[in-house]
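# Remarks on the overall topology
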Amino acid sequence: MSKIGFKDVFRPIIIVPANMTSADTVSICSEASTLIDGSVISTVPDRHGFLGGAQYSPEPRNGPPAETVLRRERKWLKMLSQWNFYMENNYRKVKERCRKGIPQSMRPRAWLYLCGGKVLLDKEPSKYEECLRAEADTKSIEDIKKDIHRQFPLHEMFSSEDKPGQQELFNVLKAYTVHFPDIGYCQAQAPVAAFLLMHMPAVEAFWCLVSISNKYLENYYSPSMDVVQRDGLILQGLLKKVCPPVYRHLKKVNAEPMFYCTEWFLCAFTRTLPWDTLLRVWDVFLCEGVKVLFKTSLVILIGCLGTPKSRRQCPGLCETLARIRNPPESILAEENLIYNINRLDITERDFQEQHQKQTKRLRIEKANAETTPPMIK
């Protein structure tokens, strides 16, 4: 199976007070940081386990008051204890609570239930261990071994081979290839699996990966990437509806959707968003489905290019893609992004119409390509 390659880009963060001398800096570096490949990173992980990089969160999060968190935890405990009832009779309440943000202590269990991983686990409780004991495709195993050290190398779980994260990541990805040999392994699955392992045991991460890969991101990991291409065109069509000026700008500079949305969709934003924002997006994504990835993409595109000034600053393709790939921090801020996702004026009918339109378009293009004779040189 062909793989989708991504560059690993991590920007170490060092915060040094303005009145600190160079000697003070050396002292701090010796006690609370270290050198990795010439970069200074913290030896004290942030609240999410990161030691540095673009997703490092040095500042404490100003979340809801403790009383609010406790109240939400109790509500989630009650809801999880009656899960089938809520999903069948009061899904609106589930969606409402996911949009508010799932309490951190509840996320592992809530995500497992939301994506359907719990149902899969209960059906085949021993399947994961069976997959680990089974022989796997040699090529897939070689590809997995090449990739596991690239996933969040500045996170304490994955920072070295002797940490538990890398071995668990190998096991989860191997088990998936054994369970679905016709699909095999795709590089874009690795950050998703690693992200899940940060929040739950390996067997639960495995079943969540199965559900996300086969239901939420169905056929995304095929070699042809036809579905990703189709969804890129759907994104373009939705953008034309909600913000025509940005749509026209992207068309003007020839910024095809696959230039900027491939990693967003394939990795479900695990390599893109600030960590607190990513957690909130996944709370909604696992509840409401893949349309949340489209809405997140639209908010980023409109946030980056939604004003005449921002478009003037991006006169060509290179400047436009650079801005889209490095959005201003304010656009990706947790509350701002979630608020704008929820207020987007896109209906289920809009998604359905674009799905039908772009599927038909690609089918016709494919048929024409198959009937067109090769050029004679």
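Values in this document were obtained by computation on a predicted structure and should not be read as measured data.

In total, this model carries 19 aromatic pairs according to the counting rule given. Judged by centre distance (5.7 Å) and plane angle (85 degrees), the ring pair of Trp 83 and Tyr 113 falls under edge-to-face. One end of the pair, Trp 83, is in helix H3 (residues 83-89); the other, Tyr 113, is in helix H5 (residues 107-114), with 30 residues separating them in the sequence. Tyr 113 sits in the buried class, given a relative accessible area of 16%. Taken together, the ring pairs connect Phe 50, Trp 111, Phe 152, Phe 195, Tyr 216, Trp 275, Trp 282 and Phe 285 into an aromatic cluster.

Here we come to the environment of Glu 256. Checked against the element boundaries, Glu 256 lands in the loop between helix H13 (244-252) and helix H14 (257-260). Separated by 20 residues in sequence, Glu 256 and Gln 236 have C-alpha atoms that sit 8.7 Å apart.

Quick look at the side chain of Asp 147 now. Note that Asp 147 resides in helix H8 (residues 138-147). Of the polar contacts made by the side chain of Asp 147, one reaches the side chain of Arg 150; its length is 2.8 Å.

Quick look at the side chain of Arg 107 now. Within the secondary structure, Arg 107 sits in helix H5. Leaving out residues up to four positions away in the same chain, Arg 107 has contacts with Ile 102, Leu 279, Arg 280 and Asp 283.

Here Ala 194 lies in helix H10 (residues 189-197). Distance in space between the C-alpha atoms of Ala 194 and Val 172 is 9.0 Å, their sequence separation being 22 residues. Each residue touching Ala 194, except ones within four places of it in the same chain, is listed here: Gln 151, Phe 152, Phe 158 and Leu 169.

With that settled, the discussion passes to the packing of helix H2 (residues 66-81) against H5. Contact geometry for H2 and H5: axes closest at 11 Å, N-to-C directions at 35 degrees. Relative to H5, the crossing made by H2 is left-handed. Residues Trp 76, Leu 77, Leu 80 and Ser 81 of H2 pack against Arg 109, Ala 110 and Tyr 113 of H5.

So, on to the confidence of the model for the protein chain. Mean pLDDT over the protein chain: 86, with 87% of residues reaching 70 or higher. The low-confidence segment residues 1-40 (pLDDT under 50) makes 60 contacts with residues lying over four places distant or belonging to another chain.

A word on the pattern of salt bridges. Two side chains that carry opposite charge are able to pair once their charged atoms sit near each other. By the definition in use, this model includes 16 salt bridges. For Glu 96, the salt bridge identified is with Lys 93, shortest N-O distance 3.4 Å. With Glu 96 and Lys 93 both in helix H4 (residues 91-100) and 3 residues apart, the pair spans about one turn of that helix. On the basis of relative accessible area, Lys 93 is assigned to the partly exposed category, the value being 24%. Lys 139 serves as the salt-bridge partner of Asp 143, at 2.8 Å between the closest nitrogen and oxygen. With Asp 143 and Lys 139 both in helix H8 and 4 residues apart, this pair spans about one turn of that helix. Residue class for Lys 139 comes out partly exposed when judged on its relative accessible area of 41%. By sharing partners, the salt bridges in this structure join Lys 93, Glu 96 and Lys 100 into a single network.

The next point concerns H4. Listing the buried residues of H4 in full gives Val 94, Arg 97 and Cys 98. With its buried residues spanning 105 degrees around the axis, H4 presents them on a single face. The secondary structure elements touched by the buried residues of H4 are H2, H3, H5 and helix H16 (275-288).

Bringing the nonpolar core into the picture now. Counting residues in each nonpolar core, the largest one holds 110 residues, and the members touching the most others are Tyr 260 and Trp 282. With sequence-adjacent residues up to four places away left out, Trp 282 is seen in contact with Trp 111, Val 192, Phe 195, Leu 196, Ile 212, Ala 268 and Thr 270.

What follows concerns the packing of H5 against H16. Between two packed helices, what matters for the description is the angle formed by their axes and the separation of those axes. At a minimum axis distance of 9 Å, the contact between H5 and H16 shows a crossing angle of 30 degrees. Compared by their axis directions, H5 and H16 come out roughly parallel. Classified by chirality, the crossing of H16 by H5 is left-handed. Taking contact as the criterion, the partners of Arg 107, Trp 111 and Leu 114 in H5 are, on H16, Leu 279, Arg 280, Trp 282, Asp 283, Leu 286 and Cys 287. Of the residues in the contact of H5 with H16, the class split is 6 nonpolar, no polar and 3 charged.

So, on to helix H17 (residues 291-305). Every α-helix carries 3.6 residues per turn, so stepping three or four residues along brings you back to the same face. The first and last C-alpha atoms of H17 sit 21 Å apart over 15 residues, in line with the 21 Å expected at 1.5 Å per residue. Extensive coverage of H17 is indicated by the burial of 13 of its 15 residues.

Positive phi is not limited to glycine here, since Phe 152 has a value of about 50 degrees. With respect to the helices, strands and loops of the structure, Phe 152 is situated in the loop between H8 and helix H9 (164-179).

Summed over all chains, the structure comprises 0 disulfides. This cysteine, Cys 98, is not joined by any disulfide, and Cys 287 carries the nearest cysteine sulfur, 3.9 Å off. On the basis of relative accessible area, Cys 98 is assigned to the buried category, the value being 0%. You can see Cys 115 has no disulfide; the closest cysteine sulfur is in Cys 208, sitting 3.5 Å from it.

What counts, and where the lines are drawn
- Residues numbered from 1 in each chain as written.
- Predicted model: local features only at pLDDT ≥ 70, side-chain atom pairs only at ≥ 80, totals over all residues.
- Heavy atoms only, no water.
- Phe/Tyr/Trp six-rings, centres within 6.5 Å; stacked < 30°, edge-to-face > 60°.
- Helix = DSSP H or I, 4+ residues; strand = E, 2+ residues; numbered from the N terminus.
- Buried < 20%, exposed > 50% of the residue type's maximum accessible area, 1.4 Å probe, protein only.
- Polar contact = N/O pair within 3.5 Å; in protein donor to acceptor, adjacent residues only side chain to side chain.
- Contact = heavy atoms within 4.5 Å.
- Axes fitted to C-alpha atoms, helices over the stretch in contact; angles between N-to-C directions.
- Left-handed = near helix turned anticlockwise from the far one by under 90°.
- pLDDT = per-residue confidence, 0-100.
- Salt bridge = Lys/Arg side-chain N within 4 Å of Asp/Glu carboxyl O.
- Arc of directions from axis to C-beta.
- Core = buried A, V, L, I, M, F, W, Y, C linked by side-chain atoms within 4.5 Å.
- Parallel < 35°, antiparallel > 145°, perpendicular 65-115°, else oblique.
- Nonpolar A, V, L, I, M, F, W, Y, C, P; charged D, E, K, R; others polar.
- Expected span 1.5 Å × (residues − 1).
- Disulfide = S-S within 2.5 Å.

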